[in-house]
Amino acid sequence: SQQGEEDPQALSIQEGENATMNCSYKTSINNLQWYRQNSGRGLVHLILIRSNEREKHSGRLRVTLDTSKKSSSLLITASRAADTASYFCATSHGEDSWGKLQFGAGTQVVVTP
Amino acid sequence: DGGITQSPKYLFRKEGQNVTLSCEQNLNHDAMYWYRQDPGQGLRLIYYSQIVNDFQKGDIAEGYSVSREKKESFPLTVTSAQKNPTAFYLCASSRRRELSDYEQYFGPGTRLTVT
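Residues numbered from 1 in each chain as written. Chains lettered and ligands numbered in written order. Predicted model: local features only at pLDDT ≥ 70, side-chain atom pairs only at ≥ 80, totals over all residues. Heavy atoms only, no water.

Q: Describe the sheet that holds strand 8 (residues 76-78) of chain B, with residues and values.
A: All names here are of chain B. In spatial order, the strands read 1-3-8-7; together these four strands make up an open sheet with antiparallel pairing. Edge strands, defined here as strands with exactly one partner in the open sheet, are strand 1 (4-7) and strand 7 (64-66). Taking the axes of each pair of neighbouring strands and ignoring which way they run, one obtains an average angle of 20° across the sheet. Note that strand 1 and strand 3 (residues 19-25) share four bridges and pair antiparallel. (Pairing = 2+ DSSP bridges. Helix = DSSP H or I, 4+ residues; strand = E, 2+ residues; numbered from the N terminus. Axes fitted to C-alpha atoms, helices over the stretch in contact; angles between N-to-C directions.)

Q: I'd like to hear about the interface of chain B and chain A, residue by residue, with values.
A: Taken together, the contacts link 27 residues of chain B with 24 residues of chain A. Contact between chain B and chain A buries roughly 2100 Å² in total, counting both sides, with carbon and sulfur atoms accounting for 53%. Here chain B is connected to chain A by zero salt bridges. If you look at where chain B meets chain A, you find two residue pairs in polar contact (both at pLDDT 80 or more). Among the residues forming the side of chain B that touches chain A, the class breakdown is twelve nonpolar, eight polar and seven charged. (Contact = heavy atoms within 4.5 Å. Buried area = accessible area lost by both parts, 1.4 Å probe. Salt bridge = Lys/Arg side-chain N within 4 Å of Asp/Glu carboxyl O. Polar contact = N/O pair within 3.5 Å; in protein donor to acceptor, adjacent residues only side chain to side chain. Nonpolar A, V, L, I, M, F, W, Y, C, P; charged D, E, K, R; others polar.)

Q: Lay out the pattern of salt bridges in plain terms, naming residues and giving numbers.
A: All chains considered together, the criterion is met by seven salt bridges over all chains. A salt bridge links A:Arg50 to A:Glu53; the nearest nitrogen and oxygen atoms lie 3.6 Å apart. In this structure, B:Asp38 engages B:Arg44 in a salt bridge whose closest nitrogen and oxygen atoms are separated by 2.8 Å. Exposure remark for B:Asp38: the relative accessible area of 10% places this residue in the buried category. Of the residues examined, B:Arg44 reaches a relative accessible area of 29% and is grouped as partly exposed. Residues participating in the shared-partner salt-bridge network are A:Arg50, A:Glu53 and A:Lys56. (Buried < 20%, exposed > 50% of the residue type's maximum accessible area, 1.4 Å probe, protein only.)

Q: Explain the state of the cysteines residue by residue, including any values.
A: This structure, assessed with the given rule, holds two disulfides over all chains. Two residues share a disulfide in this structure: A:Cys23 and A:Cys89, whose sulfurs sit 2.0 Å from each other. Here the S-S torsion is close to 65°, and the disulfide linking A:Cys23 with A:Cys89 is therefore right-handed. Separated by 66 residues along the polypeptide, A:Cys23 in strand 3 (residues 19-24) and A:Cys89 in strand 9 (residues 85-92) bring together distant segments of the chain. The exposure class assigned to A:Cys23 is buried, which follows from its relative accessible area of 1%. A:Cys89 gets classed as buried once you look at its relative accessible area, which sits at 0%. Here B:Cys23 pairs with B:Cys91 through a disulfide, and the sulfurs are 1.9 Å apart. Its torsion about the S-S bond being -75°, the disulfide of B:Cys23 and B:Cys91 is classed as left-handed. Separated by 68 residues along the polypeptide, B:Cys23 in strand 3 and B:Cys91 in strand 9 (residues 87-94) bring together distant segments of the chain. Note on B:Cys23: relative accessible area 1%, which makes it buried. (Disulfide = S-S within 2.5 Å.)

Q: How would you explain the sheet that holds strand 3 of chain A if you had to name every residue and give the values?
A: In a beta sheet, neighbouring strands pair by backbone hydrogen bonds and run either parallel or antiparallel. All names here are of chain A. The antiparallel open sheet is built from five strands, whose spatial order is 1-3-8-7-6. Strand pairing shows two members of the sheet lacking a second neighbour, strand 1 (5-7) and strand 6 (55-58), which therefore form its edges. Direction aside, neighbouring strands of the sheet carry axes that sit 20° apart on average. Alignment of strand 7 (residues 61-66) against strand 8 (residues 71-76), held across six bridges, turns out to be antiparallel. Among the inter-strand pairings, Leu65 is bridged to a residue of strand 8, identified as Ser72.

Q: Lay out the packing of aromatic side chains with the relevant residues and their values.
A: Enumeration according to the criterion identifies eight aromatic pairs over all chains in this entry. Ring geometry for A:Tyr35 versus A:Phe103: centroids 5.6 Å apart, planes at 50°, classification tilted. Of this pair, A:Tyr35 sits in strand 4 (residues 31-37) while A:Phe103 sits in strand 10 (residues 102-103), and the two are 68 residues apart along the sequence. Residue A:Tyr35 shares its accessibility class with A:Phe103, and that shared class is buried. Chaining the aromatic ring pairs together yields one cluster made of A:Tyr35, A:Phe103, B:Tyr33, B:Tyr35 and B:Phe106. Note that B:Arg68 overlies the ring of B:Phe74, its terminal NZ or CZ placed 6.0 Å from the centroid. (Phe/Tyr/Trp six-rings, centres within 6.5 Å; stacked < 30°, edge-to-face > 60°. Lys NZ or Arg CZ within 6 Å of the ring centre and 35° of its normal.)

See the structure below:
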């Protein structure tokens, strides 16, 4: 069963603009992760935020987590054409999850030059 | 050159045939996973393995089987019992850590088409 739901489903922006996408989940988490997938490829891990953290940065990426609202957001600043990809949030639940993740359906981002 | 390899990249089979997808990792990871991805959708967990000679069913295990005889290898067999096998299959692995920080490393995927 899928936990994360991304919003919007698709996003089209121009180079240099910021891209924001959101993820909501249903039950309490150990951590929330964001992954990127280029068309027809495997997923690449971007960033992990633990349940006791509120914000995390990695380069042009900023992730926030609001456990009271069961939601997270991923912000990509100063987007580039190379950021064109699908972005997925994934959540880890339970004490013995052993790395099991629940993935959302993803946000498809297109960055035009 | 460390990572996860999946072969083949594209696979075509006739309905009623079993097919095995390969997944190998040289990252010395304990855990390995198989996911299925359908167009425009997220990943759904088929099977996962925490340690050699042990594996657990995921959310959609029916019609699939796996083995974990070696730490490096986690092959997935799509059997003829799988009603809708055409999909993109992704293998992943992760380290075991003290805390539940399990980022997963993914292979390039195998696109299976069954006609």
